[in-house]
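Here's the letter readout for the chains.
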Amino acid sequence: MDCEYSKPLTPKSVRFDVEDRNVDEEEEQDDSDDVQFIKGSPPPPTPSPTRSASTVSSGGIATPPSPYALLTETKGSPSPQPSGFPKLHPALYKGAPALEWDMAEDPSTIPALATDKDDPAASIHSRYPLSHMVLTNESLPEWPLHVAAPQGGRYLTVMQVLTLLRQHLVKRVSGEHYHTQTSDRKKEISTAYKERRKLHPDSDEGMIRLDYLPARTFGGLCVIGPQESDMQWEVRFDVA
């Protein structure tokens, strides 16, 4: 599947001004089970009093924190409005030089990331690295992954995104969920599970979300577009 911006901005697009947000159709949702943080780190930091990253509309619905972290700005001046699509780090491009990463393994073992692991995973105009994004895959429609920079971090790094993705994919799947799949789908999942166990015999977590994917090798990221519901960027992760 080609990497395209399949959700272009329309006249009814979201606005990326920290103080003025379009929340007309924002829905409240409980995604506490899907928001993943680096192990041992609390949720993202509370915005400073001098710059509110969350406002409340007349209807009482709070807007989410800005998905951007301004790298440079003049003290006391308002942040310019970022526009355009995020640019991914070269190591995360779909079709980029292969990381050859089996997502069943810890991404810290990837030699190609030795010098890039702390770089911003994605940025707009280089000044606005993303601090939040939503990772999706068509094989896991019920499990989108909302990732956020840990407390103390101003943006998501390359390694943080990959680490959170792996933590998401190695979560165990219940037998009940497996049996809701079609016969053909269950065969595919079962085959993937058996192949993974052959290569990783010490793995004892049972069937996991990774087994629902058609392959285990990371195939790169692709920016899909902004989600109007929460103003976060949707980014598809592919397999190869």
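None of the values given here were measured: they were computed from a predicted structure.

## A closer look at the side chain of Arg-196
Okay, so step 1: Looking at where Arg-196 falls in the secondary structure, it is placed in helix H3 (residues 183-199).
Okay, so step 2: Sequence-distant contacts of Arg-196, defined by excluding residues within four places in its chain, comprise Ala-104, Ser-203, Glu-205, Gly-206, Met-207, Ile-208, Leu-210, Asp-211 and Arg-216.

## Here we look at the sheet that holds strand E4 (residues 128-129)
Okay, so step 1: Taken in spatial order, the three strands line up as E2-E3-E4 in an open sheet, and their pairing is antiparallel. In this open sheet, the two strands that pair with only one neighbour each are strand E2 (87-88) and E4.

## What about the pairing of strand E7 (residues 218-226)?
Okay, so step 1: Of all nine residues in E7, nine are buried, a share of seventy percent or more.
Okay, so step 2: In the sheet, E7 pairs with strand E8 (residues 233-239) via six bridges, with the strands oriented antiparallel. Looking at E8, one finds that Val-223 is bridged to Val-235.

## Points about the packing of aromatic side chains
Okay, so step 1: The final tally for this structure, using the stated rule, is three aromatic pairs.
Okay, so step 2: With a centroid separation of 5.1 Å and 55° between ring planes, the pair formed by Phe-85 and Trp-233 is classed as tilted. On the criterion of sequence distance, the pair formed by Phe-85 in the loop between strand E1 (35-36) and E2 and Trp-233 in strand E8 is long-range, its members being 148 residues apart.
Okay, so step 3: Looking at Trp-233, the relative accessible area reads 0%, which means it is buried.

## Let's talk about the confidence of the model for the chain
Okay, so step 1: Per-residue pLDDT for the chain averages 75, and the proportion of residues at 70 or more is 63%.
Okay, so step 2: The least confident element of the chain is E1, whose mean pLDDT is 46; the most confident is helix H1 (residues 158-169), at 97.
Okay, so step 3: Residue range residues 8-65 is modelled with pLDDT below 50. Its contacts to residues more than four positions away, or to other chains, number 98 contacts.
Okay, so step 4: Under a pLDDT of 50 for its full length, residues 69-81 has, in the predicted model, 25 contacts with residues more than four places off or in other chains.

## Thoughts on the pattern of salt bridges
Okay, so step 1: On inspection of all chains with the given rule, the structure shows five salt bridges.
Okay, so step 2: Residue Glu-188 is joined to Arg-185 by a salt bridge in which the shortest nitrogen-to-oxygen separation is 3.4 Å. Linking Glu-188 with Arg-185, this pair stays in helix H3, spanning three residues, or about one helical turn.
Okay, so step 3: Here Arg-236 makes a salt bridge to Asp-238, at a shortest N to O gap of 2.7 Å.
Okay, so step 4: Judged by relative accessible area, Asp-238 falls into the buried class, the value being 8%.

Cut-offs applied
- Residues numbered from 1 in each chain as written.
- Predicted model: local features only at pLDDT ≥ 70, side-chain atom pairs only at ≥ 80, totals over all residues.
- Heavy atoms only, no water.
- Helix = DSSP H or I, 4+ residues; strand = E, 2+ residues; numbered from the N terminus.
- Contact = heavy atoms within 4.5 Å.
- Pairing = 2+ DSSP bridges.
- Buried < 20%, exposed > 50% of the residue type's maximum accessible area, 1.4 Å probe, protein only.
- Phe/Tyr/Trp six-rings, centres within 6.5 Å; stacked < 30°, edge-to-face > 60°.
- pLDDT = per-residue confidence, 0-100.
- Salt bridge = Lys/Arg side-chain N within 4 Å of Asp/Glu carboxyl O.

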